[in-house]
Amino acid sequence: MQAARGASLSDAHTGPESDVRPVRWAEFAAVAVPLLVIDQLTKLWAVATLVPGQPQELVGSVLQLNIIRNPGAAFSAGTGYTWIFTTLSIVATIGVLWFARRVRHRGWAFALGILVAGISGNLIDRLAREPGFYLGHVVDFLQLPNWPIFNVADMCINVAAVMIVVLTFKGIGLDGSIDGASDEAETGSATSSEGEAK
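Since this is a predicted model, take the numbers as computed values, not measurements. (Residues numbered from 1 in each chain as written. Predicted model: local features only at pLDDT ≥ 70, side-chain atom pairs only at ≥ 80, totals over all residues. Heavy atoms only, no water.)

Enquirer: When you look at the pairing of strand 2 (residues 63-70) in this model, what are you seeing that I'm missing?
Expert: Residues in a regular strand point their side chains to alternate faces of the sheet. Burial runs high along strand 2: six of the eight residues are buried. Here three bridges tie strand 1 (residues 56-59) to strand 2, and the two strands are oriented antiparallel to one another. Paired with Gln56 across the bridge in strand 2 is Leu65. Between strand 1 and the antiparallel strand that follows it, strand 2, lie three residues; Gly60 among them carries a positive phi value of about 60 degrees. In terms of strand pairing, strand 2 meets strand 3 (residues 138-143) through five bridges, oriented antiparallel. (Buried < 20%, exposed > 50% of the residue type's maximum accessible area, 1.4 Å probe, protein only. Helix = DSSP H or I, 4+ residues; strand = E, 2+ residues; numbered from the N terminus. Pairing = 2+ DSSP bridges.)

See below:
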């Protein structure tokens, strides 16, 4: 059975529910796993190589290597509440993975993959590093002028945040649908039907 002008009924519905593309786990993992590995390897290198209080120039004075162990959040905030940040990181990681189950858009797969790499990278520090389980201090070693010392995981979190803002601003949903597109399609379909009726 055919819909109007040769379009099959199976093609007539084009809403998000009809999207049969698989969840993009491959793209998600393709960015999450390498970035997590890079974060952990660079931290291992920093701990083995750098000496606290003795910064080394990497790109002149613009980018220096300066290792610190941060028990708190960004800007060393909340240094006495490491366990709270650990708990929040666990919840955030689970939340990202839950949302990732619904992802059918490559941009969202990349953004959430980068985000989970950043969150879990610092979470590993809090779980496994000194002074103990769940209270570990995050290893930071990259320093820019007038900016708190950070690491690869922090970079991932910030890049992912920008990507998420851009995708949201563009109205792109996790399933790849675009806000307003379905309304335009319905309006166009109604206009076409009215024209055929005349």
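Right, picking up where we left off after that structure.
Enquirer: Just to check I follow, could you spell out helix 4 (residues 106-128) for this structure?
Expert: For an α-helix the count is 3.6 residues per turn, leaving residues at separations of three or four pointing the same way. Compared with an ideal rise of 1.5 Å per residue, which puts 23 residues at 33 Å, helix 4 spans 32 Å between its outermost C-alpha atoms and is within 8% of the ideal. Most of helix 4 sits out of view: 18 of its 23 residues are buried. (Expected span 1.5 Å × (residues − 1).)

Enquirer: How do you make sense of the packing of aromatic side chains when you look at a structure like this?
Expert: The way to describe two aromatic rings as a pair is by their centre distance and the angle between their planes. By the definition in use, this model includes three aromatic pairs. Ring geometry for Trp98 versus Phe99: centroids 5.1 Å apart, planes at 80 degrees, classification edge-to-face. Given a relative accessible area of 39%, Phe99 falls into the partly exposed group. Seen from their ring centres, Phe133 and Tyr134 are 5.9 Å apart, and the 55 degrees between their planes marks the pair as tilted. Given a relative accessible area of 24%, Tyr134 falls into the partly exposed group. (Phe/Tyr/Trp six-rings, centres within 6.5 Å; stacked < 30°, edge-to-face > 60°.)

Enquirer: Got a minute to help me understand the packing of helix 3 (residues 82-100) against helix 4 in this structure?
Expert: Two quantities define a packed helix pair, namely the angle between the axes and the distance from one axis to the other. In contact at an axis separation of 9 Å, helix 3 and helix 4 are set at 150 degrees when each is read in the N-to-C sense. It follows that helix 3 is roughly antiparallel to helix 4 by the angle criterion. Crossing of helix 3 over helix 4 shows left-handed handedness. Taking contact as the criterion, the partners of Thr82, Phe85, Thr86, Ser89, Ile90, Ala92, Thr93, Val96, Leu97, Phe99 and Ala100 in helix 3 are, on helix 4, Leu112, Leu115, Val116, Ile119, Ser120, Leu123, Arg126 and Leu127. Looking at the contact of helix 3 with helix 4 residue by residue, the classes come out as 13 nonpolar, five polar and one charged. (Axes fitted to C-alpha atoms, helices over the stretch in contact; angles between N-to-C directions. Parallel < 35°, antiparallel > 145°, perpendicular 65-115°, else oblique. Left-handed = near helix turned anticlockwise from the far one by under 90°. Contact = heavy atoms within 4.5 Å. Nonpolar A, V, L, I, M, F, W, Y, C, P; charged D, E, K, R; others polar.)

Enquirer: Is there a simple way to think about a nonpolar patch on the surface in this case?
Expert: Where nonpolar side chains cluster on the molecular surface, the patch consists of Leu58, Val59, Val62, Leu144 and Trp147 and spans about 470 Å² of accessible area. Residue Leu144 is classed as partly exposed on the basis of its relative accessible area of 32%. (Patch = residues over 30% accessible without salt bridge, like charges linked within 9 Å, V, L, I, M, F, W, Y side chains within 5 Å. Areas by Shrake-Rupley, 256 points an atom, 1.4 Å probe, with all protein chains shown as cover. Salt bridge = Lys/Arg side-chain N within 4 Å of Asp/Glu carboxyl O.)

Enquirer: In this structure, what is going on with the pattern of salt bridges? I would like to understand it.
Expert: Where side chains of opposite charge bring their charged atoms close, a pairing between them can arise. Taken as a whole, this structure holds five salt bridges when the rule is applied. One salt bridge in this structure joins Glu27 and Arg24, with 2.9 Å as the shortest N-O distance. In this pair, the class of Glu27 matches that of Arg24, namely buried. Lys43 serves as the salt-bridge partner of Asp39, at 3.0 Å between the closest nitrogen and oxygen. With a gap of four residues between them, Asp39 and Lys43 both fall in helix 2 (residues 25-49), about one helical turn apart. Like Lys43, Asp39 is buried.

Enquirer: Whenever I open this one, the environment of Val139 confuses me. Can you help?
Expert: Within the secondary structure, Val139 is located in strand 3. Under the relative-accessibility criterion, Val139 is labelled buried at 0%. In this structure, the C-alpha to C-alpha distance between Val139 and Asn70, residues 69 residues apart in sequence, is 6.4 Å. When neighbours within four sequence positions are excluded, Val139 is seen to be in contact with Lys43, Val47, Ile67, Ile68, Arg69, Asp125, Arg129 and Asn151.

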